[in-house]
Amino acid sequence: MKIALFNNRNDLREFIRKYGTVIGALILFIVFSLIIERFLTASNILMLLRQMSMLTIIALGFNFVMGAGGFDMSIGSACGLIAMVFALTLLGTGSLLLALSAALLCGLLVGLINGMLVAYIGLPDFIATFAVGSIIYGVKMLMTRGNPVSYPSDISPVFAFIGRGFVGPFPFPVIIMFFIFILTVFVLYRTSFGRRVYAIGGNPVASLYAGINIKKYRLATFVISGLSVALASIILTSRLGSAQPLAGEEFLLDVIAVVFLSTTMFGEGEPTPSGTFIGALIISMLNNGLTMLNVPYYFQFITKGSVVIVAVLLAVTLGQKLRIKFL
Amino acid sequence: MPEFIGINRNILEAEGLGKEFNDVWVLRKIDFDLRTSEIHSLVGENGAGKSTFIKILSGVHSPDEGMIKFDAKPVVFHSVKDSEDTGIRTVHQEINLVPFFTVYENIFLGSDRKRTVLGLPTVDNKTMRAEAARVLGELGVELDVNKKAHLLNASMERVVEICKVLVQKPKVIIFDEPTTSLGESERVRLLEVIKNLKKKGIGIIFISHNLEEVTGISDRITVFRDGAKIDTINEEDASPAKIISMMLGDKTYYDYKKVCSHRIDEVCLEVENLNTHRLKDISFKLYQGEILGIAGVVGAGKSEIARALVGIDRLDSGRIRIHNQDYQPSPERAVTSGLAFVPEERQAQGLILNYSVMKNITLTYLKKWCRWGFIIDSVEEKKSTEKYIKSLSIKTTGPTQLIKFLSGGNQQKVILARWLDGDFKIGIFDEPTKGIDVKTKEDIYHLLDDLAKKGNSAIVLSSYLPELLSVCNRILVVHEGRIVTEICPSEPGAQEKIMSAMLGGVKVS
Ligand SMILES: Nc1ncnc2c1ncn2[C@@H]1O[C@H](COP(=O)(O)OP(=O)(O)OP(=O)(O)O)[C@@H](O)[C@H]1O
Ligand SMILES: [Mg+2]
């Protein structure tokens, strides 16, 4: 069977390099379906998708930043800040529209600050966005002294729908997620913007020499990342029914795991939207499945970390051998 | 080894060597032999298979047919190391030095000499310095082994690359286009170095698109065409004209010479007192329809002028006007103001290596293939790419092939195609024919002439003087960041005058 499929070991290696992560996701799915009774039920699958929607949305935004060769460490902190801004505006004005705008504006601002520091001032992205994340953490603690902001549950029925509503059998966040996914694929692969984002990630010097304003594009990717965090944060707040300053803090680790899984997929060496989706699926399946198995939450961290190491290791070792071959 | 086997025994042989990539044979049934104390050149058009052939010899690729013999014994190379252990070393086209390491540290990179101090193995700097100095001396090159690599000029960088290879005491050295973008004097110097190596009994494979250079240095010359070997000829029977006809088959070649000027009296670019960290008081005018050459030794500041014009290097002062409009340089405004720029380093500055041929060509003027200014129309994009693949005869399997799989010269054509697709008015070409074969070179010269005829202008920066002399209306000479003189190629003694100005006014006999 193997012999028929692959002419030689290189083909097999290439296949594993490209689709290893996808196969991993499938195996995980099958194993969970077999050992967990209620895993493979329509309601659990829909719940899984709803759980992963926020992670996927943030990771898709991150896809732009990383596609252009950057990194954004501020996403976790920003999520909580945006939730606070959102809730406080909603409480203060009673207008959902204003609150939504304020949240998106806040995400945009965080993105602008990150982008300015990295693209225009030239600070290293890891350090700059990490520092911004740290400042944001301080600011939101200052704003609320760490207390959640709650609001009356009848403040806006439309608002509750965002995180908890259904369209037919589908949770509304899942519909948003698929919409964002399609939008991301379209922008990255069908527009001049996406083409240039990946070009900058591939070779920033050559992109500059080709006449591309790489500062502008890099700034834009951070803004997109900020906006996607804002969207996820709105969904999260609506689902929780209150704004927690520390909500979403754990997204940072999960998103990093997702984008690394994504870069190892399809042998491209750069994150792709479909890779990001499958990566988010793997991480969410682990969260969901391990919780259903009553595994203590700290063990989930150990598992997620190991999964990332194995995936990256696999891709790097296989990839490296191939790269030397092509040199 | 007994003496009587003599100086000229075969050291390296290839029998029926071939290589295929994705079911396309790029090299077929190559028979080749190299003797000791011989310089054996490989020539052929871009994509003829020269680099692929030497990559098989150096263990980068494994052959899909045929075999290699070293010293009359069959050998199989599974890796670059296998080939190196046998005694074959390659001086690659790209310079690969660690900038802040010294010359001798670079020379011994990865092969440090060790000695034992108090039972502990330590790096033996003294021996390494001495040995590095000895090797440099053997080449007849004066160079301080303690100098940092980033302070070296292009030809000295190449010399250090050669020393890296020499300290390994190889029996065969392969040079892949070692003279591209070297200045005249550096080139001559390097060729001397290579001849000295030959005297030491080393077998040398030499690849170059400069046929004068090839006929001047070689003992034998092997011509490749479309992945096949056409013939091997001896130095006595070789002339550039003969090699060209063997290389091209039934294609025609004329010795290009600019015949008429398309220059009209309308200034399109005016540069006044430009200063950057490397340039001093650069002022010149470019006329419509003119092809302006800029000559200078490596490091004189040619590329810096180009980089200042397109806004990559910051201006300290100075003023630039395009068609009488003030222009503040930036890469993006350069494009919108009608400037095109083909940079010198095609891989580092020109190409997105993990992009396809098509995506590399359409990168700059992407908007042209977009509906509503942002959605890419891939059908149109592909059509236009196919047009350029045809008109520049880019050797590729198609628009979607990844650029990294193209031969060096064909990659260069892709960068040219990127700009030709736009509506630029002023083209700045930094070493436009780097790594390009004679025939295509000529096509590019015609292309420049056509551009000029259409009322465009061009600035050509080149360290290869004959090129400037045959394509330009006017030549500026830069020396240490200043324009020192302006010369018309048709005036008597132009070549000597330029060379002397390039060296800062030294008389050249
Ligand atoms: N790894 C690869 N995969 C697919 N095709 C390749 C690969 N390497 C080389 N080729 C193809 O093989 C052909 C020969 O390439 P090669 O680099 O040997 O040419 P060359 O004679 O060195 O040309 P140049 O003078 O332009 O450097 C080209 O058409 C190239 O596209
Ligand atoms: Mg080559």
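Our structure is the block above this text.
Residues numbered from 1 in each chain as written. Chains lettered and ligands numbered in written order. Predicted model: local features only at pLDDT ≥ 70, side-chain atom pairs only at ≥ 80, totals over all residues. Heavy atoms only, no water.

## A short note on the overall build of chain B
Step number 1: Summing up its helical and strand segments, chain B has 17 helices and 24 strands in all.
Step number 2: Dimensions along the principal axes, computed over C-alpha positions, put chain B at roughly 75 × 50 × 50 Å.
Step number 3: The proportion of buried residues among the 509 residues of chain B is 55%.
Step number 4: Put simply, of all contacts in chain B between residues at least 6 apart along the chain, 67% involve residues at least 24 apart.
Step number 5: Taken as a whole, chain B presents about 22,200 Å² of accessible surface, with 50% of it coming from carbon and sulfur.
Step number 6: Taken together, the 69 basic and 71 acidic charged side chains of chain B have centroids lying 2 Å from each other. (Helix = DSSP H or I, 4+ residues; strand = E, 2+ residues; numbered from the N terminus. Buried < 20%, exposed > 50% of the residue type's maximum accessible area, 1.4 Å probe, protein only. Contact = heavy atoms within 4.5 Å. Areas by Shrake-Rupley, 256 points an atom, 1.4 Å probe, with all protein chains shown as cover. Lys, Arg positive; Asp, Glu negative; His and termini not counted. Charge placed at Lys NZ, Arg CZ, Asp CG, Glu CD.)

## Brief notes about unusual backbone geometry
Step number 1: The phi dihedral of Asn 294 of chain A falls on the positive side, at around 60°, and the residue is not glycine.
Step number 2: If you trace the backbone, Asn 294 of chain A turns up in the loop between helix H13 (273–292) and helix H14 (297–326).
Step number 3: Relative accessible area serves as the criterion here: at 69%, Asn 294 of chain A is assigned to the exposed category.
Step number 4: Not every positive phi belongs to a glycine, and Asn 273 of chain B is a case in point at roughly 45°.
Step number 5: With respect to the helices, strands and loops of the structure, Asn 273 of chain B is situated in strand S13 (residues 267–275).

## Section: the pattern of salt bridges
Two side chains that carry opposite charge are able to pair once their charged atoms sit near each other.
Residue and element names in this part refer to chain B.
Step number 1: Within the structure shown, the criterion is met by 29 salt bridges over all chains.
Step number 2: We note a salt bridge from Asp 64 to Lys 19, for which the minimum N-O separation is 3.7 Å. One end of the pair, Asp 64, is in the loop between helix H1 (50–57) and strand S4 (65–70); the other, Lys 19, is in strand S1 (residues 10–21), and 45 residues separate them in sequence.
Step number 3: Exposure remark for Asp 64: the relative accessible area of 37% places this residue in the partly exposed category.
Step number 4: Residue classification places Lys 19 among the buried residues on the basis of a relative accessible area of 8%.
Step number 5: Taking the shortest distance from any N to any O, the salt bridge between Asp 326 and Arg 321 comes out at 3.8 Å.
Step number 6: A residue is classified by how much of its surface remains accessible, and Asp 326, at 55% relative accessible area, is exposed.
Step number 7: Residue classification places Arg 321 among the buried residues on the basis of a relative accessible area of 18%.
Step number 8: What emerges from the salt-bridge pattern is a single network uniting Arg 263, Glu 290, Arg 474 and Glu 486. (Salt bridge = Lys/Arg side-chain N within 4 Å of Asp/Glu carboxyl O.)

## Concerning empty space enclosed by the protein
Step number 1: Counted by the stated rule, this structure contains 2 cavities of 30 Å³ or more.
Step number 2: The calculated volume of the second largest cavity comes to roughly 50 Å³.
Step number 3: Forming the boundary of the second largest cavity are 13 residues, of which Tyr 209 of chain A together with Val 310, Pro 331, Ala 334 and Phe 341 of chain B lie nearest the centre.
Step number 4: Looking at the lining of the second largest cavity, the elements with two or more residues in it are helix H10 (204–209) of chain A together with helix H10 (331–336) and strand S18 (339–342) of chain B.
Step number 5: In terms of residue class, the lining of the second largest cavity is made up of 12 nonpolar, 1 polar and no charged. (1 Å grid on protein atoms, 1.4 Å probe; cavity = no way out; pocket = protein on both sides within 12 Å on 5 of 7 lines; lining within 4 Å. Points joined across faces, edges and corners; volume = space filled by probe spheres on them. Nonpolar A, V, L, I, M, F, W, Y, C, P; charged D, E, K, R; others polar.)

## Regarding the pairing of S4 of chain B
Residues and elements named next belong to chain B.
Step number 1: Bridging between S1 and S4 involves 5 bridges; their strand directions are antiparallel. Residue pairing across strands places Glu 15 opposite Met 67, the latter belonging to S4.
Step number 2: By the bridge criterion, 3 bridges tie S4 to strand S5 (residues 73–75) in an arrangement that is antiparallel. Each bridged residue has a counterpart across the sheet, and for Ile 68 the counterpart in S5 is Val 75.
Step number 3: Hairpin geometry of S4 and S5 is characterised by an intervening segment of 2 residues between the two adjacent antiparallel strands and by a positive phi of about 55° at Asp 71. (Pairing = 2+ DSSP bridges.)

## Notes on the packing of helix H8 (residues 172–190) of chain A against helix H9 (residues 192–202) of chain A
Residues and elements named next belong to chain A.
Step number 1: Relative to each other, H8 and H9 sit at 70°, their axes nearing to 4 Å. Between H8 and H9, the angle is such that the two are roughly perpendicular. Each of Val 187, Leu 188, Tyr 189 and Arg 190 in H8 lies in contact with H9, whose residues at this interface are Ser 192, Phe 193, Gly 194, Arg 195 and Tyr 198.
Step number 2: Grouping the constituent residues of the contact of H8 with H9 by class yields 5 nonpolar, 2 polar and 2 charged. (Axes fitted to C-alpha atoms, helices over the stretch in contact; angles between N-to-C directions. Parallel < 35°, antiparallel > 145°, perpendicular 65-115°, else oblique.)

## A word on the site of ligand 1
Residue and element names in this part refer to chain B.
Step number 1: Close to ligand 1 lie 18 residues, the nearest being Gly 47, Ser 51, Thr 52, Ser 407 and Gly 409.
Step number 2: In the environment of ligand 1, an oxygen atom lies 2.8 Å from a nitrogen or oxygen atom belonging to the backbone of Gly 47.
Step number 3: One of the side-chain N or O atoms of Thr 52 is found 2.5 Å from an oxygen atom in ligand 1.
Step number 4: Protein contact buries 92% of the 640 Å² of open area that ligand 1 shows by itself.
Step number 5: For the shell around ligand 1, the elements supplying multiple residues, two or more each, are H1 and helix H14 (408–420).
Step number 6: It is H1 that contributes the most residues to the shell around ligand 1, 3 residues altogether.
Step number 7: Here the residues of the shell around ligand 1 sort into 5 nonpolar, 9 polar and 4 charged. (Near = heavy atom within 4 Å. Polar contact = N/O pair within 3.5 Å; in protein donor to acceptor, adjacent residues only side chain to side chain.)

## Looking at the packing of helix H3 (residues 42–67) of chain A against H8 of chain A
All names here are of chain A.
Step number 1: At a minimum axis separation of 8 Å, H3 and H8 run at an interaxial angle of 30°. The angle between the axes of H3 and H8 places the two elements in the roughly parallel class. The handedness of the crossing between H3 and H8 is left-handed. Contacts from Leu 46, Leu 49, Arg 50, Met 52, Ser 53, Thr 56, Ile 57, Leu 60, Asn 63 and Phe 64 of H3 reach H8 at Pro 173, Val 174, Ile 176, Met 177, Ile 180, Phe 181, Thr 184, Val 187 and Leu 188.
Step number 2: Taken together, the residues that form the contact of H3 with H8 break down as 14 nonpolar, 4 polar and 1 charged. (Left-handed = near helix turned anticlockwise from the far one by under 90°.)

## Some thoughts on the nonpolar core
Step number 1: Residues Leu 269, Phe 284, Leu 309, Ile 459 and Ile 498 of chain B are the most contacted members of the largest nonpolar core, which totals 75 residues.
Step number 2: If you tally residues by element for this core, the top one is H14 of chain B, at 6 residues.
Step number 3: Listed in part, the 74 residues of the second largest apolar core include Phe 39, Ala 102, Ala 230 and Ala 280 of chain A. (Core = buried A, V, L, I, M, F, W, Y, C linked by side-chain atoms within 4.5 Å.)

## Describing the interface of chain A and chain B
Step number 1: Residue-level contacts link 25 residues of chain A with 36 residues of chain B.
Step number 2: The contact between chain A and chain B buries some 2,500 Å² in all, and 55% of this surface belongs to carbon and sulfur atoms.
Step number 3: Run the count over chain A and chain B and you get 2 salt bridges.
Step number 4: A salt bridge links Glu 381 of chain B to Arg 195 of chain A, with the nearest nitrogen and oxygen atoms 2.7 Å apart.
Step number 5: Of all the secondary-structure elements, those providing two or more residues to the side of chain A that touches chain B are H8, H9, H10 and H14 of chain A.
Step number 6: In terms of residue count, H9 of chain A provides more of the side of chain A that touches chain B than any other element does, 7 residues in total.
Step number 7: For the side of chain A that touches chain B, the per-class residue count stands at 11 nonpolar, 8 polar and 6 charged. (Buried area = accessible area lost by both parts, 1.4 Å probe.)

## Side note on the sheet that holds S13 of chain B
Residue and element names in this part refer to chain B.
Step number 1: Strand order in this open sheet of 4 strands is S14-S13-S16-S17, and the pairing throughout is antiparallel. Looking at strand neighbours, the two that pair on one side only are strand S14 (282–287) and strand S17 (325–326), the edges of this open sheet.
Step number 2: The sheet contact formed by S13 and strand S16 (residues 317–322) spans 5 bridges and is antiparallel. Its bridge partner being in S16, Asn 275 is matched across the sheet by Ser 317.

## Regarding the side chain of Ser 356 of chain B
All names here are of chain B.
Step number 1: Mapped onto the elements of the fold, Ser 356 is located in the loop between helix H11 (346–350) and helix H12 (357–362).
Step number 2: Owing to a relative accessible area of 8%, Ser 356 belongs among the buried residues under this scheme.
Step number 3: In terms of polar contacts, Ser 356 uses its side chain to reach the backbone amide nitrogen of Lys 359, at 3.2 Å.
Step number 4: Aside from chain neighbours lying at most four places away, what touches Ser 356 is Pro 399, Thr 400, Gln 401, Leu 402 and Ile 403.

## What about the environment of Ile 244 of chain B?
Step number 1: Summarising the element assignment, Ile 244 of chain B is placed in helix H8 (residues 240–248).
Step number 2: Linking Ile 244 of chain B and Ile 264 of chain B, residues 20 residues apart in sequence, is a C-alpha distance of 36 Å.

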